[in-house]
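# A structural walkthrough
What follows is each chain in one-letter form.
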Amino acid sequence: MADYAITCSSVYDLNNEFAEKNNIKVLPYQFFIDGGEYYDDKGATMSVHEFYEKMRAGGIATTSMVNTERYTEFFTPLLEAGKDVVHIEFSSGLSGSYNNALMTAEQLRKKYPDRKIEILDSLAASPGYGLLVYYAVQKRDEGASFDELVDYVEGLKLKIMHWFAVDNLEYLRRGGRVSRASAFLGTMLNIKPVLVFNNEGKIIPMEKIRGRKKSLVDMVNKMENDIDNPDGQMIFIGHADALEDAQMVEGLIKERFPTIKGTYIDLIGPVIGAHAGPSTIAIFYICKGRPDIKFK
């Protein structure tokens, strides 16, 4: 058994059973909607379905980064128990939390000089981040040392592909990804954007597809071009309260890639959902390399 702990944040969007089964410690982010403050705790304080229903009804959702005090409270019990810590954090391209985690680790190293704590920038989000944690767990269970695990995650993270098909341009407009005029025109024309994560861990619009089903098929088409050897791969699929669409995409993937190990479907949580919006569908897998495109 490894003498270190793997930790991450709730934005990895995998279920509680995964964390419990694999001994992963998860730090919940916070979100805000309709004047209320909640933790991203897999539905304990607010179900994800209720969250998206509130958004569909016009609720404005926002999120906040994790401060150093919460990181200190999260890491300290592990260090005091004699554990070293490999913490895989939500993309620095989308949140300042990573920098706060770095500052916390620097202070904790002084207090616990005999312990090691490494903060890794996943450059990933949602079940794409979850897929990176999934492979990290496998590597740990194969007997990887602390340093071997750190090197493995750093080498793998830019090969985790993220494709997102968004159902409503309004949420991208609020986040500054598209203009008000583009959002209005795109909605009128039934435009469904397809977005990707770049090497900076930022979300980049790639395609403007007319029609919901076409946008979902387009993601799978792109997968055919950039997947790195599908044999034995696990493919993760995320959905923002749109299970039937996620299952349709799952069927397409299994049909086109019969040699994969399997698929895993889970909800896109409130932190990413606040910015992508209800009914977003996303697929995640190991690719040949992400598009090296800068966010403008």
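Before going into details, it helps to say that this report is about the structure given with it. Computed from a predicted structure; not experimentally measured. (Residues numbered from 1 in each chain as written. Predicted model: local features only at pLDDT ≥ 70, side-chain atom pairs only at ≥ 80, totals over all residues. Heavy atoms only, no water.)

Okay, the sheet that holds strand β3 (residues 30-33) next. Strand-to-strand pairing in sheets goes through backbone hydrogen bonds, with the strands running parallel or antiparallel. With respect to topology, three strands assemble into an open sheet ordered β4-β3-β5, the strand pairing being antiparallel. Across the chains shown, the open sheet's two edge strands, defined by having one partner strand only, are β4 (36-39) and β5 (61-64). Geometrically, the sheet is characterised by an average inter-axis angle of 30° between neighbouring strands, direction not taken into account. Strand direction decides the pairing type here: β3 and β4, joined by four bridges, are antiparallel. For Gln-30, the partnering residue across the bridge sits in β4 and is Tyr-39. Sheet contacts for helix α2 (residues 48-56): β3 and β5; angle to β3, the most-contacted strand, approximately 40°. (Pairing = 2+ DSSP bridges. Helix = DSSP H or I, 4+ residues; strand = E, 2+ residues; numbered from the N terminus. Axes fitted to C-alpha atoms, helices over the stretch in contact; angles between N-to-C directions. Contact = heavy atoms within 4.5 Å.)

This paragraph deals with α2. Turning to α2, its buried residues are Val-48, Phe-51, Tyr-52 and Met-55. Summarising the axial view, the buried residues of α2 lie within an arc of 90°, below the 170-degree limit, and thus occupy one face. Phi turns positive, to about 105°, at Gly-58, one or two residues after α2. (Buried < 20%, exposed > 50% of the residue type's maximum accessible area, 1.4 Å probe, protein only. Arc of directions from axis to C-beta.)

Looking now at the sheet that holds strand β1 (residues 4-9). Strand order in the open sheet formed by four strands is β2-β1-β6-β7, and the pairing between neighbours is parallel. Because the sheet does not close on itself, it has two edges, and the strands there are β2 (25-27) and β7 (117-121). Across the sheet, the mean angle separating the axes of adjacent strands is 20° when strand polarity is ignored. Relative to β7, strand β6 (residues 84-89) runs parallel, the two sharing five bridges. Counterpart to Val-85 in the pairing with β7 is Ile-117. Across the sheet, helix α3 (residues 68-80) lies against β1, β2, β6 and β7, angled at about 145° from β6, the strand it touches most. On top of the sheet, helix α4 (residues 97-111) reaches β6 and β7; it is set at about 170° to β7, its chief contact.

Let us look at the nonpolar core. By size, the foremost hydrophobic cluster in this structure holds 73 residues, and its most contacted members are Phe-51, Phe-75, Ile-88 and Tyr-129. The biggest single contributor to this core is helix α5 (residues 126-141), with eight residues. Ignoring any residue separated from it by four or fewer positions in sequence, one finds Phe-51 in contact with Phe-31, Ile-33, Met-46, Ala-61, Pro-270, Gly-273 and Ala-274. If you look at the next biggest cluster of nonpolar residues, it comprises 25 residues, including Met-223, Ala-242, Ala-246 and Tyr-285. (Core = buried A, V, L, I, M, F, W, Y, C linked by side-chain atoms within 4.5 Å.)

So, on to helix α10 (residues 243-256). Over its 14 residues, α10 extends 20 Å from the first C-alpha to the last, a length consistent with the 20 Å expected when each residue adds 1.5 Å. By the burial criterion, the buried members of α10 are Ala-246, Val-249, Glu-250, Leu-252 and Ile-253. Looking straight down α10, one finds its buried side chains confined to an arc of 160°; they lie on one side. α10 presents Glu-244 and Glu-255 as exposed residues on the side facing more than 90 degrees away from its buried surface. (Expected span 1.5 Å × (residues − 1).)

With that out of the way, let us pick up the packing of aromatic side chains. Tallied over the entire structure, the rule returns 14 aromatic pairs. Considering the side-chain rings of Phe-31 and Phe-51, the 5.2 Å spacing of their centres and the 75° angle between planes classify their relative orientation as edge-to-face. On the criterion of sequence distance, the pair formed by Phe-31 in strand β3 and Phe-51 in helix α2 is long-range, its members being 20 residues apart. In this structure, Phe-31 and Phe-51 share a single accessibility class: buried. (Phe/Tyr/Trp six-rings, centres within 6.5 Å; stacked < 30°, edge-to-face > 60°.)

Everything listed is a geometric property; what it means functionally is a separate question.
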